[in-house]
Amino acid sequence: MHSKALAPEYQGALTKLSVNASLTEVLAEGERHLKEAELAGSAQEVARTGLAVAEAHRRLGHVQEADRAWKASYRAARSAGDQGAMAWALWSGGTLARQRGGLRLAFRLLRLAADLGKAGGDVVARGYSLAGLAETGRIQGDYRTVAALHEQLLAEARARGEARHTVWALEGIAQIHRNTGSFDTALAMFEEAAQLAGDADDRRGRAWALRGMADIISVRDDDPERALGLLAEAELTCRAMNLSSALAYNHKMRANVLYRARRYEEARSVYEEALAEFRAMTEPRGEALARLGLVKSLARLGRDRAETAAELDELRGTLDRIGLLNARDMVDKAYAELDVSPADDLVPAAGTAPVDDMTAGVRR
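Note that this is a predicted model, so its numbers are computed, not measured.

**So, unusual backbone geometry**
Even without glycine at this site, T282 takes up a positive phi of about 50°. Among the secondary structure elements, T282 is positioned in the loop between α13 (264-280) and α14 (284-300). Here D339, not a glycine, exhibits a phi torsion of approximately 60°, which is positive. Tracing the backbone shows D339 in the loop between α16 (327-338) and α17 (343-346).

Spelled out as structure tokens, the structure:
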């Protein structure tokens, strides 16, 4: 039996905040209580309320403010000798690092957080930190390494009746199945996550589950209208809670659905919207993925093949620098789909004539 979803990152004076509170409300309450804690000279309360401030800034896309806030929370927790609060601050910092594309830093901070959570006896902080490690590995594309950790965390969350963490684990495992081609299993798990999130009143978790369902329904069933309907439902939650990152990824998925339906002009417009949102919050992974979709849409709309190849080359380098193991595969598929070649393949050998087919039409 699962309980109602809770937000353990809202701590100290903020424990009564709902998991569904808008991020602007969380930020305002967090900053108010943080000032009170600073005036009272309570390092532990500064650390705990500062965590909510850091997380609200991160989820709103305020990366510089989030960076300052988690570090301040960690310093306060260290001065108070509170290992659990130190773990939570490092978890926030590691999550921010992943959001900003710093996967190596994310792994380092999240490992430290997990160790401190264990040392401090904070089971939830340790669980969230291990989940962060699992998610970072999954985003990187290292499915073999992190699949077992996802399953372990799912079992632990189910045993403790933690609905929100169970939803997260289900969605993570579903995404691995989706990315390895097991669409039926993935859809069933996303549907279970959506149902559980709804029952537990976890609106954020349900929004992400609906996004996953829409993706598979678009790919497997070729049913763009149903997929777009699920995304529209999820978008209402994203806007109501000011979930900037989730909204940007929702829009990128909407563009994916439109692209698969060959509605290339609509897809182009939505990819551009998502790209602007990712850039506004300095989220390089989302930005690169939105750019990839935009490149493909523009190619379908008749963009010059040389320009398409050049941007794909740049994107491949960008994604490799971020550290995504599956990045080259993604771009290679785009080269093949659009019938263009990497620029390196088009440089003529000495004494040969240059390849002169760069203005040919794009193959459908």
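Now that the structure is up, let's keep going.
**Quick look at the confidence of the model for the protein chain**
Close inspection of predicted coordinates is inappropriate in any region flagged by low pLDDT. Of the residues in the protein chain, 93% reach a pLDDT of 70 or more, and the chain-wide mean stands at 90. Under a pLDDT of 50 for its full length, residues 346-364 has, in the predicted model, 26 contacts with residues more than four places off or in other chains.

**Regarding the packing of helix α10 (residues 203-221) against helix α11 (residues 224-240)**
Contact geometry of α10 with α11 gives a least axis separation of 8 Å together with a crossing angle of 160°. On the basis of the axis angle, α10 is roughly antiparallel to α11. The hand of the α10/α11 crossing is left-handed. Facing R203, R204, R206, A207, L210, R211, M213, A214, I217 and S218 of α10, the residues of α11 in contact are R226, A227, L230, L231, E233, A234, T237, C238 and A240.

Conventions adopted
- Residues numbered from 1 in each chain as written.
- Predicted model: local features only at pLDDT ≥ 70, side-chain atom pairs only at ≥ 80, totals over all residues.
- Heavy atoms only, no water.
- Helix = DSSP H or I, 4+ residues; strand = E, 2+ residues; numbered from the N terminus.
- pLDDT = per-residue confidence, 0-100.
- Contact = heavy atoms within 4.5 Å.
- Axes fitted to C-alpha atoms, helices over the stretch in contact; angles between N-to-C directions.
- Parallel < 35°, antiparallel > 145°, perpendicular 65-115°, else oblique.
- Left-handed = near helix turned anticlockwise from the far one by under 90°.

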